[in-house]
Amino acid sequence: MADEKSQTSQASAPVKSGFSRRKLLRRGSLAGLAAMIFGGGSVVAKQATEEGGSSFSDTVGTLFQDHYQKMSKEEIAEAIARIERQAKRDYGADIKVGNEPPIPGVVFGYALNVSKCKGVRKCVEACMAENNQSRDPQIQYIRVLELDQGGMELGLSNHYFDSETVPAKGKWYLPVQCHQCENPPCTNACPVGATWKEPDGVIVVDYNWCIGCRFCMAACPYWARRFNWADPKLSAEEINTDTHYLSNRPRYRGVVEKCTYCLQRTRKGRLPACLEACPTGARVFGNLLDPNSDIRYVLENKTVFRLKSDLGTDPKFWYFSD
Amino acid sequence: MKLISGKTRNNNPVRLAVLLALVGTASVGWFFGPLLSEALAKNPPGQEEVIKGLKARNNSVRGRINSGKTIEEAPGFKVKPRQPSMEFYPCDDCHDQDSMDKRVRILEEEHPKIKFEHGGGRFWCYDACHNPPDMNVLQGKWGDTIGFNESYKLCGDCHFERQKDWYFGGHGKRVGAFSDPKAIPLTYKEFLVKDREKIGTWQGERVLLNCTACHDPHSPSIKPYKLSPVPLVRSGLEKGSHEPHAAQPHLQIWDRLGKKH
Amino acid sequence: MLAFIIDSIKEMLRGGPKYHAWLGGLTLIILIGVYFYGQQLAHGMIVTGMSDQVSWGAYIANFTYLVGVAAAAVMLVIPAYIFDRKDVKEVVLLGECVAIAACIMCMTFVTVDLGRPERIWHMLPLLGKFNFPISLLAWDVVVLTVYLLLNLGILVYIVYTKYSGHEPNKKAYYPWVLLSVVWAFSIHTVTAFLLVSNVSRPFWHTAILAPRFLASAFTSGPALIILGLQVISMITEFKVKESVLRVVGLIVTVSLQINLFFLGVELFTEFYHSTEHVESATYLFMGEHGYHGLVPWIWSAITMNLIALVIMSTYKLRANQTLFNVACALAIVGVWIEKGMGLIIPGFIPTPLGEILEYSPSWAEIWISIAVWCIGFLIFTLLAKVVLAVELGRIKAPGANPGAAKTVAQAD
């Protein structure tokens, strides 16, 4: 060891004037490294603590929460309790997070009458109110396209139409939201399996499992998914307190969300918010497996088409005309 | 035969005429008797049977939906009663048999709110819908009376295709949180439904809105709507100012033909 | 082993004022990046310029480019070990250093791109839920991790044996080296498949994307190595032979030619009869509906690549060392623009619903990206310092024969 020490000290051959500078720089870089680790760690910890509010155990519990499909009933109940407490801290609202399972023998389907849609956008607004979407930055699950009559060139569509009244002359309207595909590209993309297809056909996201890589957003052919670029902003009066773990309970920054056919309503036999809001009655919803349902009538008797059906996504959202 | 005057008359022509008359009557009776008795034996088909026969033919050709069902076999439903919300009901408060004015005119005094824009001049109040003897009900095509709460049956007399859709759920709305289509809010601030029991159902009992909930029977066409707000881009970013579609509408092929492009 | 680690760390921190200034400067930029990343953690990804419309930006663009650089480090391995060129063998370890640094940069870029980085443990197979083999991102994680471990293993083994004064046992490392060559192709193909698998993006959903990735990777990666080796030659005692630069330059030349051929193939396929599917390409090359943010970038990139191609393909021009270096620099920048701005961003413009929202990175994104690049440079510097020290015999195990560690390079 001794000769090595002398060798190394020979190799470095310090000059008296340069010695302190070198040592300072060396120490500086070490300090910098430490600052990086400590600073980064503390910021993450701060963020994690703020997420859970003042309760440390809630933060830790949320941080190490398992995937929804792997949790036991008790674990889900605990997770729900944490979410409810957190909503109280974040928004001051008493929400109720349900966990209704899919109704057996039910697969949801949705149809939209493009002859009737006048581009009013009330469906978009109702969805925002029902599903606790962030107001700023604004998240809207439904995007209404204004197209020129005579074609369906989406590249020529106008998403920001703002005429005096609708329908505007020479235009027709195509609202697009998550089509709940039977062969979804998004669920294949997710590296952690945070999004999957439920037995009632709805594609859901576990907001506590999503890592925010946004690969699913790149994969979706209908531009149906939204990302929380910042903490969602909602006021307590605006919160819909009737929520479901997999659909409209308050979400977090950095996770992906999308239309879930209003699971909090439809799994209790009620209609989605967009359908109720439509003044023209253009929307039809129901159970595809029930031969007497409205949706089955439309699909079997009307001229029906699907968007981008050439991509093999097999969506459960149809468009029809009278 | 010997007549009183002592002259003798020949009886053969009289006898021949009587014989021919008897034979004629017998033949007529022979040929037409059975038919006559048949006709007299049965009643002629009444109105209900003729209508039923016509409806049967309609059902077999165009009245069935693709699954083979007819309107009568549509899933059961209830309709939200309309009468309670009618402003001038009961109508015979003003209308009685004697004050029937069947002239075509502008109703300035009587029903100033009614702008009649239905039918393109093909009919007037009492021709197609309203029932002069009893103005508290409507009249159907066959003179049958239809209450205001079932006024959808009247609409279906002419708009049968649409009625078929309505019966099976492809048209119209169910009763729910926003059952007055004219009173649906514009922005999310008013859209929150706090009373969850008000929300309509896709399962269970079907309660539909009558046609008149959306279509004013005197001016049924859907009027233009006011828009809800334009979507925002992510806060902190700006949408480019190029929106060519609003400024220059996409030219159709027939506009482009002959033009240099 | 412990002595090796201690000596390596000492070596990493030892050097002249310029060396420490370099390390200090890199650290300073990294700290600036850490500050901005802290902003990102505090406020969310709203500090970036990304949107729901363009949901991947500078981070994934740089990631795509750097996977190519990591893969291209293998370009030194092939002549060194498979064609047994002694001159290239001297620098092959530096290539491994490049690969390791690039791999770490890739992983860092993906991590800073995550919306919830504290949930990265969700990717672990048993504790979390690893959606392998159906998710391409899961594949990417696997292949990158294995590639990093392969390169680290080979590097540590060879350097350690040399440090100990022995010759590395060919039987021990050669199979792993071969594997790393194959694996290098796989990492970049998997990254290409990450994009190709999205049927929603017709700009990416083309079979030629993976070959284009490899061609552009083998253009820019070796070019980067050429410049890096010359820098090392200039500032250290380690001298890189001309022949090494020539053979790597040949790789750059051929790859440039193939790269431009592929570009031509793409342009024909897209523009012979424009469909709605080529709106992204139209936006990129010519602008669409009044939006033309990327047009000057892509044409500059193509021009740079063309100039580089002309210089590298013409013997007279390539013989001039300055032009040679200029060509390499042009190739690096040109491919960086082409792969980042010319591939990732246009995939999102227009959106699948036809909307065009342009993207430009925010200052936070730019500083974080530069900081991650500096992390890579820092790692490369530290690793190369140790490798060179061992190669030149400056550090060796106690009691090791001082002459055995010296390489052939010293003998001229």
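Above this note sits the structure.
Keep in mind it's a predicted model, so treat the numbers as computed, not measured.

1. Digging into the overall build of chain C
Each helix and strand in chain C was counted, giving 14 helices and zero strands. Seen in sequence order, chain C has helices and strands lined up from the N terminus as α-α-α-α-α-α-α-α-α-α-α-α-α-α. Along the first, second and third principal axes, the C-alpha set of chain C runs to 70 × 55 × 40 Å. For chain C, the proportion of its 412 residues judged to be buried stands at 61%. Counting only contacts in chain C whose residues sit at least 6 apart along the sequence, the fraction spanning at least 24 positions is 76%. About 15,700 Å² of surface is accessible on chain C, with carbon and sulfur atoms providing 74% of the total.

2. Comments concerning a negative patch on the surface
Together, Asp92(B), Asp93(B), Asp96(B), Asp98(B) and Asp134(B) give the surface a local cluster of negative charge. Along the polypeptide, Asp134(B) turns up in the loop between α3 (125–128) and β2 (137–139).

3. Notes on helix α14 (residues 363–391) of chain C
Residues and elements named next belong to chain C. The terminal C-alpha atoms of α14, which comprises 29 residues, lie 41 Å apart, in line with the 42 Å expected from a rise of 1.5 Å per residue. Across the 29 residues that make up α14, a large majority, 22, are buried. Two residues or fewer after α14 comes Gly393, characterised by a positive phi angle close to 75°.

4. Looking at the interface of chain B and chain C
Taken together, the contact pairs 11 residues of chain B with 13 residues of chain C. Buried surface at the junction of chain B and chain C, both sides included, amounts to about 840 Å², of which 55% is carbon and sulfur. Taken together, chain B and chain C are joined by zero salt bridges. Joining chain B to chain C, the criterion identifies four residue pairs in polar contact (both at pLDDT 80 or more). Here the side of chain B that touches chain C is built from residues that sort into three nonpolar, four polar and four charged.

5. Brief notes about the environment of Ala210(C)
Residues and elements named next belong to chain C. The residue Ala210 is located in helix α8 (residues 209–235) in this model. Overall, the relative accessible area of 8% leaves Ala210 in the buried class. Each C-alpha atom of the pair Ala210 and Asn151 lies 23 Å from the other, and the pair is 59 residues apart in sequence. If near-sequence neighbours (up to four positions away) are discounted, Ala210 is found in contact with Thr189, Ala192 and Phe193.

6. Some details on the side chain of Thr253(C)
All names here are of chain C. Position of Thr253 relative to the elements: it lies in helix α9 (residues 242–271). Thr253 gets classed as buried once you look at its relative accessible area, which sits at 5%. Among the polar contacts listed, one links the side chain of Thr253 to the backbone oxygen of Gly249, at a separation of 2.7 Å. What Thr253 contacts, discounting residues up to four positions off in sequence, is Leu309, Met312, Ser313 and Arg318.

7. Some words on the sheet that holds strand β12 (residues 303–305) of chain A
All names here are of chain A. Taken together, the four strands give an open sheet; going across it, the order is β11-β2-β13-β12, and neighbouring strands pair in mixed fashion. Each edge of the sheet is formed by a strand with only one pairing partner; in this case those strands are β11 (283–287) and β12. The average undirected angle you get between the axes of adjacent strands in this sheet is 30°.

8. A closer look at the pattern of salt bridges
Evaluation of the coordinates by the stated rule reveals 42 salt bridges over all chains. Here Asp200(A) makes a salt bridge to Arg267(A), at a shortest N to O gap of 2.9 Å. Note that Asp200(A) is positioned in the loop between β6 (195–197) and β7 (203–205) and Arg267(A) in the loop between α8 (263–266) and α9 (273–277), a separation of 67 residues in sequence. Of the two residues examined, Asp200(A) and Arg267(A), each falls in the buried class. Taking the shortest distance from any N to any O, the salt bridge between Glu300(A) and Arg296(A) comes out at 2.9 Å. Placement of both Glu300(A) and Arg296(A) in helix α10 (residues 294–301) is noted, with a separation of four residues, approximately one turn of the helix. Among the residues examined, Arg296(A) registers a relative accessible area of 22% and is labelled partly exposed. A cluster of three or more residues bridged by salt bridges with shared partners is formed by Glu130(A), Asp242(A), Arg265(A), Lys268(A), Glu276(A) and Arg196(B).

9. Some points on the interface of chain A and chain C
With 67 residues of chain A at the interface, the matching set in chain C holds 64 residues. Between chain A and chain C, the buried area comes to about 5,700 Å², and carbon and sulfur atoms account for 59% of it. Interface area lost by chain A to chain C is led by Phe215(A), Trp223(A) and Trp229(A), which between them contribute 13%. In this assembly, chain A and chain C are joined by two salt bridges. Taking the shortest distance from any N to any O, the salt bridge between Glu355(C) and Arg143(A) comes out at 3.0 Å.

What counts and what doesn't
Residues numbered from 1 in each chain as written. Chains lettered and ligands numbered in written order. Predicted model: local features only at pLDDT ≥ 70, side-chain atom pairs only at ≥ 80, totals over all residues. Heavy atoms only, no water. Helix = DSSP H or I, 4+ residues; strand = E, 2+ residues; numbered from the N terminus. Buried < 20%, exposed > 50% of the residue type's maximum accessible area, 1.4 Å probe, protein only. Contact = heavy atoms within 4.5 Å. Areas by Shrake-Rupley, 256 points an atom, 1.4 Å probe, with all protein chains shown as cover. Patch = residues over 30% accessible without salt bridge, like charges linked within 9 Å, V, L, I, M, F, W, Y side chains within 5 Å. Salt bridge = Lys/Arg side-chain N within 4 Å of Asp/Glu carboxyl O. Lys, Arg positive; Asp, Glu negative; His and termini not counted. Charge placed at Lys NZ, Arg CZ, Asp CG, Glu CD. Expected span 1.5 Å × (residues − 1). Buried area = accessible area lost by both parts, 1.4 Å probe. Polar contact = N/O pair within 3.5 Å; in protein donor to acceptor, adjacent residues only side chain to side chain. Nonpolar A, V, L, I, M, F, W, Y, C, P; charged D, E, K, R; others polar. Pairing = 2+ DSSP bridges. Axes fitted to C-alpha atoms, helices over the stretch in contact; angles between N-to-C directions.

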